[in-house]
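Breakdown of the fold
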Amino acid sequence: MDKRDLSEVFRERLKALVQRSGLNQSAFAASVGIDRSALSQLLSGATTRLPRAETLLTIASTRNVSLDWLLGLSQDEGVTGEIRESLEIEEASGGFERTLLAKWHAEAAGTKIRYVPAGIPDLLRTEVLVDYEADISNRNRETQAGETQYRIDYNRRPETDMEVCMPRHTLEIFARGLGVWSGLPDRERKQQLHHMADLLDDLYPTFRLFLYDGRMRYSVPYTIFGHLRAAIYVGDMYLVLYATEPIRTLTRHFDNLIRAADVNAHEAAAYARGLAETHFAT
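Given the structure is predicted, the values throughout are model-derived calculations rather than measurements.

Basis of the calculations
- Residues numbered from 1 in each chain as written.
- Predicted model: local features only at pLDDT ≥ 70, side-chain atom pairs only at ≥ 80, totals over all residues.
- Heavy atoms only, no water.
- Helix = DSSP H or I, 4+ residues; strand = E, 2+ residues; numbered from the N terminus.
- Buried < 20%, exposed > 50% of the residue type's maximum accessible area, 1.4 Å probe, protein only.
- Phe/Tyr/Trp six-rings, centres within 6.5 Å; stacked < 30°, edge-to-face > 60°.
- Arc of directions from axis to C-beta.
- Pairing = 2+ DSSP bridges.
- Contact = heavy atoms within 4.5 Å.
- Axes fitted to C-alpha atoms, helices over the stretch in contact; angles between N-to-C directions.
- Parallel < 35°, antiparallel > 145°, perpendicular 65-115°, else oblique.
- Left-handed = near helix turned anticlockwise from the far one by under 90°.
- Nonpolar A, V, L, I, M, F, W, Y, C, P; charged D, E, K, R; others polar.
- Core = buried A, V, L, I, M, F, W, Y, C linked by side-chain atoms within 4.5 Å.
- Expected span 1.5 Å × (residues − 1).

1. With respect to the environment of Leu-67
Tracing the backbone through its elements, the reader meets Leu-67 in helix H5 (residues 67–70). Taking the relative accessible area as the measure of exposure, Leu-67 reaches 17% and is therefore buried. Along the sequence, Leu-67 and Leu-57 sit ten residues apart, while their C-alpha atoms lie 6.7 Å from each other.

2. Quick look at the packing of aromatic side chains
Counted by the stated rule, this structure contains two aromatic pairs. For the ring pair Trp-104 and Phe-225, a centre distance of 5.8 Å and an interplane angle of 65 degrees mean the geometry is edge-to-face. A residue pair is termed long-range when its members are at least 10 positions apart, and Trp-104 in helix H6 (residues 100–107) and Phe-225 in strand E5 (residues 222–225) qualify at 121 residues. Given a relative accessible area of 0%, Phe-225 falls into the buried group.

3. A word on H6
Among all positions in H6, only Leu-101, Ala-102, Trp-104 and His-105 are buried. All buried residues of H6 project into a common sector of 160 degrees when viewed along the axis, lining one side.

4. Brief notes about the pairing of strand E3 (residues 161–167)
Every regular strand shows the same layout, with side chains that alternate between the two sheet faces. Among the seven residues in E3, five count as buried, and that is most of the element. Here strand E2 (residues 112–116) runs beside E3; their pairing, made up of four bridges, is parallel. Bridging across to E3, Lys-112 finds its partner in Asp-161. With six bridges joining them, E3 and strand E4 (residues 207–212) adopt parallel strand pairing. From the neighbouring strand, Met-166 faces E4, where its bridge partner is Leu-211.

5. Some words on the pairing of E2
The element E2 is largely enclosed, with a buried count of four among its five residues. Bridging between E2 and E5 involves four bridges; their strand directions are antiparallel. Opposite Arg-114, over in E5, you have Ile-224 as the bridge partner.

6. Points about the side chain of Ser-219
If you trace the backbone, Ser-219 turns up in the loop between E4 and E5. Every residue in contact with Ser-219, bar those within four places of it in the chain, is listed here: Val-116, Tyr-212, His-253 and Leu-257.

7. Some thoughts on the packing of helix H9 (residues 168–176) against helix H12 (residues 268–279)
Their axes nearest at 10 Å, the elements H9 and H12 cross at an angle of 30 degrees. The pairing of H9 with H12 is recorded here as roughly parallel in orientation. Handedness of the H9/H12 crossing: right-handed. Note on element contacts: H12 touches H9 through Tyr-271, Leu-275 and His-279, opposite Arg-168, Leu-171, Glu-172, Ala-175 and Arg-176. Among the residues making up the contact of H9 with H12, the classes are represented as four nonpolar, one polar and three charged.

8. A short note on the packing of H9 against helix H10 (residues 186–203)
Working note: a packed helix pair is described by the angle between its axes plus the distance between those axes. Viewed as axis vectors pointing N to C, H9 and H10 meet at an angle of 145 degrees, and their least axial separation amounts to 9 Å. Helix-helix and strand crossings are classified by hand; for H9 and H10 the assignment is left-handed. Between H9 and H10, the residues in contact are Leu-171, Phe-174, Ala-175 and Arg-176 and Arg-189, Gln-192, Leu-193 and Met-196, respectively. Among the residues making up the contact of H9 with H10, the classes are represented as five nonpolar, one polar and two charged.

9. Focus on the nonpolar core
In this structure, Leu-124, Leu-171, Leu-200, Phe-207 and Leu-209 are the most contacted members of the largest nonpolar core, which totals 44 residues. Excluding its chain neighbours within four sequence positions, the residues that come into contact with Phe-207 are Leu-123, Leu-124, Asn-155, Met-162, Val-164 and Leu-200.

10. Here we look at H12
Structurally, the α-helix is built with 3.6 residues per turn, so residues lying three or four positions apart point the same way. End to end, H12 covers 17 Å across twelve residues, agreeing with the expected 16 Å (1.5 Å per residue, within 8%). Turning to H12, the residues buried within the fold contact H9, H10, E4 and strand E8 (261–263).

Take it as geometry only, folks, not as evidence of what the structure does.
This is the structure in structure tokens:
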């Protein structure tokens, strides 16, 4: 939208808010924290400049309208993403298709999704690994299996664009059967690595896995859903960010992880197969 058009739409909608409030200009200006002279200037159209971001947010929140509507970017007057709870808790009480995570994926369809997993990426797990991890974590097996299948189906859509970045050492620890995977038999771990490699080949390039050196870089698990939201995983719940700048900051962080990757997406399948053959020679 042209700057002049944006200013004109903002002025008309600000006028509507003043009229709707039933207040005179002095009282309305005081209610949103600006001078009466500043309000008069905004309403007169003498300048195409918009108020500061803080003022725009105050007007939107005080008058209970969305910032997008106030700026003419949306016809929906209702309050939306800019005034929301920053923390959402999902208890996975039903199948994965009913969880917030599935909803967020569906809303972000057609945009790039960036994902740093907490362990083996969900859609790359075998049923045996799903059962094993559900058992040791006391999580619902059906929900976990549903999540895995949903992600596979999602990544087979032609419009999908997903990048995953994780420490290379997570796969090396898994191959050796250390940590939480110490109880998973060699045979099952080998099958998991081959299963992962096959899916990486099958889903490429809509799904791209990058591996970085975990001794040089660190990241908490998180997912960035296009420009809509970022969800930081904090253990059975997500800290959800909707503001533009935090999403951009996490996106830059993710891009730096990819730049530091020493196993690129076109090499990831071969790397997984190599681990299977190196650690399970017989």
